[in-house]
Amino acid sequence: MPLSRPVRAARRSRVVVAAVAAVLALAAVSGCGDTGGLQAAGPAPTASGPERLWPELAPATSPAYALEEGEREVVKGVVAPGGDLREVDPAALVRAEIAAHPDQYRGAKAPYRETAARMSECGAGEGRDRERCPLLTPYYRDLTGDGRADLTLGFRLPPGELTAVRVYTVEDRRIVRVMAWDDAFSSAELAERALVMRLPSDLPGYDYRLQWTWDPQQRSMLLTHDELVRDGPLPSPSSSPSPSPSSSPASSPSPSSSASSSVSPR
């Protein structure tokens, strides 16, 4: 049972008194000749509160640019046996996207027509060139908090350096794409219940860091953080809004045999 505010305050006071007594006892033991002790660090900077800028401007009523946030798409023609995405052929999901978006993948003017052509090299059997198959290793982790493994899938978009990143989940026996992003990134990782990607920037020594987090209201992965960071290891996922009661605590990033708490390639 959580402690009430007065009880917590009383305990904190007793801890402070005990700490002060311990410091005084240590000083007595060490002798009076010690010139050390607490020293002032100088004047503290003056705190300043937020200042609203241009209050005369009318609030915007619509976004200036469409970021395709919160978009969901039901995958047609592909099912997950028993609701298990591990039993789904990742190539079938890419082919379903190609069929659903022919303007992107079919025809002489389609920007990703080479991806569609190379899908014939994916799969088992002789005569296939696995190096030309655009599919990357699929990863499985519970990102939505429903206790089942979701699928994070990547596939190349030649002839450039773009890579498509997709996240799929299962709802009511249907496979739903809950995140789609095409970009040229330098690294990507699943951390807790977030997908984090790092992209090179034009500013030397800095990268863009993008983080997608599951939002239970929109029922999709939202771009919750977009920031410029120094070169180096990926930082831990930034804090996100409190999950809904249906969401479970973040899973451990360490390997595990449990699909809901590990990242594991197929």
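Conventions and cut-offs
Residues numbered from 1 in each chain as written. Predicted model: local features only at pLDDT ≥ 70, side-chain atom pairs only at ≥ 80, totals over all residues. Heavy atoms only, no water. Patch = residues over 30% accessible without salt bridge, like charges linked within 9 Å, V, L, I, M, F, W, Y side chains within 5 Å. Areas by Shrake-Rupley, 256 points an atom, 1.4 Å probe, with all protein chains shown as cover. Salt bridge = Lys/Arg side-chain N within 4 Å of Asp/Glu carboxyl O. Helix = DSSP H or I, 4+ residues; strand = E, 2+ residues; numbered from the N terminus. Buried < 20%, exposed > 50% of the residue type's maximum accessible area, 1.4 Å probe, protein only. Phe/Tyr/Trp six-rings, centres within 6.5 Å; stacked < 30°, edge-to-face > 60°. pLDDT = per-residue confidence, 0-100. Contact = heavy atoms within 4.5 Å. Pairing = 2+ DSSP bridges. Axes fitted to C-alpha atoms, helices over the stretch in contact; angles between N-to-C directions. Polar contact = N/O pair within 3.5 Å; in protein donor to acceptor, adjacent residues only side chain to side chain. Core = buried A, V, L, I, M, F, W, Y, C linked by side-chain atoms within 4.5 Å.

Colleague: Can you explain a nonpolar patch on the surface? Please cite residues and give values.
Modeller: On the surface, a cluster of nonpolar side chains totalling about 380 Å² of accessible area is made up of Leu53, Trp54 and Leu57. If you trace the backbone, Trp54 turns up in the loop between α1 (5-30) and β1 (73-74).

Colleague: Give a detailed account of the pattern of salt bridges, specifying residues and quantitative values.
Modeller: Under the criterion given, the structure shown has 11 salt bridges. We note a salt bridge from Asp146 to Arg148, for which the minimum N-O separation is 3.4 Å. We classify Arg148 as partly exposed; its relative accessible area is 37%. With a shortest N-O distance of 2.9 Å, Asp182 and Arg166 are connected by a salt bridge. One end of the pair, Asp182, is in strand β5 (residues 174-183); the other, Arg166, is in strand β4 (residues 162-171), and 16 residues separate them in sequence. The partly exposed category is assigned to Asp182, whose relative accessible area is 30%.

Colleague: With reference to specific residues and values, describe the packing of aromatic side chains.
Modeller: Counting across every chain of the model gives 2 aromatic pairs. Aromatic pair Tyr105 and Tyr112: ring centres 5.9 Å apart, planes at 50 degrees, arrangement tilted. In this pair, the class of Tyr105 matches that of Tyr112, namely buried. Ring centres of Trp181 and Trp212 lie 5.0 Å apart, and the angle between their planes is 65 degrees; this geometry places the pair in the edge-to-face category. In this pair, Trp181 is assigned in strand β5 and Trp212 in strand β8 (residues 206-215), connecting sequence segments 31 residues apart.

Colleague: Quick rundown of the confidence of the model for the protein chain? Include the residues and the values.
Modeller: Atom-level detail of predicted coordinates should not be read off regions where pLDDT is low. Of the residues in the protein chain, 71% have a pLDDT of 70 or more, and the chain-wide mean is 80. Predicted confidence for residues 1-20 stays below pLDDT 50, and this span has 2 contacts to residues more than four positions away or in other chains. pLDDT under 50 marks residues 240-264. Its contacts with residues more than four places away, or in other chains, come to 44 contacts.

Colleague: Please provide a residue-by-residue account of the environment of Ser186, values included.
Modeller: Its location among the elements puts Ser186 in the loop between β5 and β6 (187-191). Along the backbone, Ser186 and Tyr208 are 22 residues apart, and their C-alpha atoms lie at a distance of 9.8 Å.

Colleague: Describe unusual backbone geometry, with residues and values.
Modeller: Here Pro158 and Pro159 are connected by a cis peptide whose omega angle stands at 15 degrees. Of note, Pro159 is situated in the loop between β3 (150-157) and β4. At Arg173, a position not held by glycine, the phi torsion is positive, near 70 degrees. Along the chain, Arg173 turns up in the loop between β4 and β5. Taking relative accessible area as the criterion, Arg173 reaches 77% and is therefore assigned exposed. In the Ramachandran plot, Glu192 falls in the positive-phi region, its phi being about 55 degrees despite a non-glycine side chain. The exposure class of Glu192 is partly exposed, given its relative accessible area of 39%.

Colleague: How would you sum up the pairing of β4? Please name residues and give values.
Modeller: Counting buried residues along β4, 9 of its 10 residues qualify, which places the element largely inside the surrounding structure. Looking at chain direction, β3 and β4 are connected through 7 bridges and run antiparallel. Note on β4: the bridge partner recorded for Leu153 is Arg166. Here β3 folds back onto β4, and the loop between the two strands holds 4 residues. Taking the residues that link successive antiparallel strands as the turn, the β4-β5 hairpin has 2 residues, and the phi of Asp172 there is positive, at about 50 degrees.

Colleague: Tell me about the sheet that holds β6, residues and numbers included.
Modeller: Either a parallel or an antiparallel arrangement is found when strands of a sheet pair, and the pairing is made through backbone hydrogen bonds. Here 4 strands make up an open sheet; going across it, the order is β6-β7-β8-β9 and the pairing antiparallel. Where the open sheet ends on each side, the last strands, each with one partner, are β6 and β9 (220-230). Along the sheet, successive strands turn relative to each other by an average axial angle of 20 degrees, direction set aside.

Colleague: Which residues make up the side chain of Thr169, and what are the values?
Modeller: Relative to the helices and strands, Thr169 resides in strand β4. A polar side-chain atom of Thr169 sits 2.6 Å from a polar atom in the side chain of Asp150. Beyond its immediate sequence surroundings of up to four residues, Thr169 is in contact with Leu85, Thr144, Asp146, Asp150, Arg174, Ile175, Val176 and Val178.

Colleague: Can you break down the nonpolar core residue by residue, with the values?
Modeller: Counting 27 residues, the largest nonpolar core has Leu85, Leu93, Leu135, Tyr168 and Ile175 as its most contacted members. Going through the elements one at a time, α2 (90-100), β3 and β4 are the ones with two or more residues in this core. Considering each element in turn, this core owes the most residues, 5 residues, to α2. Among the nonpolar cores identified, the runner-up in size contains 15 residues, and Leu195, Leu199, Trp212 and Trp214 belong to it.

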